[in-house]
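# Structure assessment
One letter stands for each residue in the lines below.
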Amino acid sequence: MSTTLAGTIPAHFPRQIAVLILVMVACGFAGNHVAARLAFENGTGLLLAILCRSGVALLILIAIVVWQGRTIRLPTGSGKWQVLLGLLITIQSLCLYSAVARIPVALALLTANSFPIILALLTWGLGGARPTLKAAALMLFILSGLVLALDVPAVLAMDGDVGGNWWQGIGFALGAATAFSIALWVTDHKLSVLPGAVRSMFTMVVVFGCMIVAGFAELLPGGMALPSAGPGWFGLGALVLLYGAAFSVLFISVPRLNMARNASVMNVEPIVTLLFAWVVLGQMISPIQMAGGLVVISGIVILSLRKSA
């Protein structure tokens, strides 16, 4: 039996190939967020962007599930958790795109990438292991970098003149991090028996359905608005293509990527986002914000490597 099982497990790619694939996936996700900002600046509705993105992802996942010959029957008692997971990812998508529409894209991604801290505290609060002193120190290290990246001292010194969009954007980004953290906890503790492609397919079904309902109900004014100019159409098309490509490559390749060892490579996404946002959108951040971003990413990489070990 062990020989048969070993024959069904795909061999891992060489580390250099795995890292290259993950960097390309991170670039795809980074480009998706920059394209989303371009689409939003040219009249594209938030709900429409998520609807198109989730629709393409759903088609890809259906193809993967069929290709792998997976059963789509949910285990007894898991249906409510699967619906909750879909709702959490819906909230995460809405919050992250709302943040991207309001503040520099790289800062939105950096703030949303604080989810490992929230997840560690959530796990501890729900009866899991308490973070070690080293983990707690790393969390403080990440938070200090986030303070620098967001340039909080300068914002506070502006005495309220920073504008509502900044505070709303940071709030939405933190909301995305919180929703994603809870989603990861639900996945790990309630839905871990489901194959990843099946679980993600049902998740996208919920996201896609929520966007259709919200659009028809006009829950968000202008949420289903079409782009008002050529760059908006380009941004909408690019975000769908980039997200779909990155999503499909990741899901098809993940059994061969040795994610326990290489997942930290994905944390280059905010850095790539910063570069893309500068080239495409002309967004710039100060040197101190760049330094803070590097601190955040370094802390997250170290934290993820410690967990993998």
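You'll find the structure just up there.
This report concerns the structure included in the present document. (Residues numbered from 1 in each chain as written. Predicted model: local features only at pLDDT ≥ 70, side-chain atom pairs only at ≥ 80, totals over all residues. Heavy atoms only, no water.)

Time to look at the pattern of salt bridges. One pass over the full model with this rule turns up one salt bridge. Between Glu-41 and Arg-37 there is a salt bridge, and its shortest N-O distance comes to 3.1 Å. Separated by four residues within a single helix, Glu-41 and Arg-37 lie in helix 2 (residues 15–41), roughly one turn from each other. On the accessibility criterion, Arg-37 (12% relative accessible area) is buried. (Salt bridge = Lys/Arg side-chain N within 4 Å of Asp/Glu carboxyl O. Helix = DSSP H or I, 4+ residues; strand = E, 2+ residues; numbered from the N terminus. Buried < 20%, exposed > 50% of the residue type's maximum accessible area, 1.4 Å probe, protein only.)

Mapped onto the secondary structure, Leu-174 falls in helix 9 (residues 164–190). Sequence-wise, Leu-174 and Ile-118 are 56 residues apart; in three dimensions their C-alpha atoms are separated by 9.6 Å. Apart from the residues lying within four places of it in its own chain, the contact partners of Leu-174 are Thr-111 and Ser-114. (Contact = heavy atoms within 4.5 Å.)

Position of Gly-222 relative to the elements: it lies in the loop between helix 10 (196–216) and helix 11 (230–253). Taking the relative accessible area as the measure of exposure, Gly-222 reaches 48% and is therefore partly exposed. Sequence separation between Gly-222 and Leu-46 is 176 residues; the distance between their C-alpha atoms is 7.9 Å.

Another aspect to go through is the side chain of Glu-269. By secondary structure assignment, the location of Glu-269 is in helix 13 (residues 269–281). Although buried, Glu-269 forms no salt bridge, and the nearest oppositely charged side chain, Arg-53, lies 8.5 Å from it. Excluding residues that lie within four positions of it along the chain, Glu-269 makes contacts with Ala-26, Phe-29, Ala-30, His-33 and Leu-109. (Lys, Arg positive; Asp, Glu negative; His and termini not counted.)

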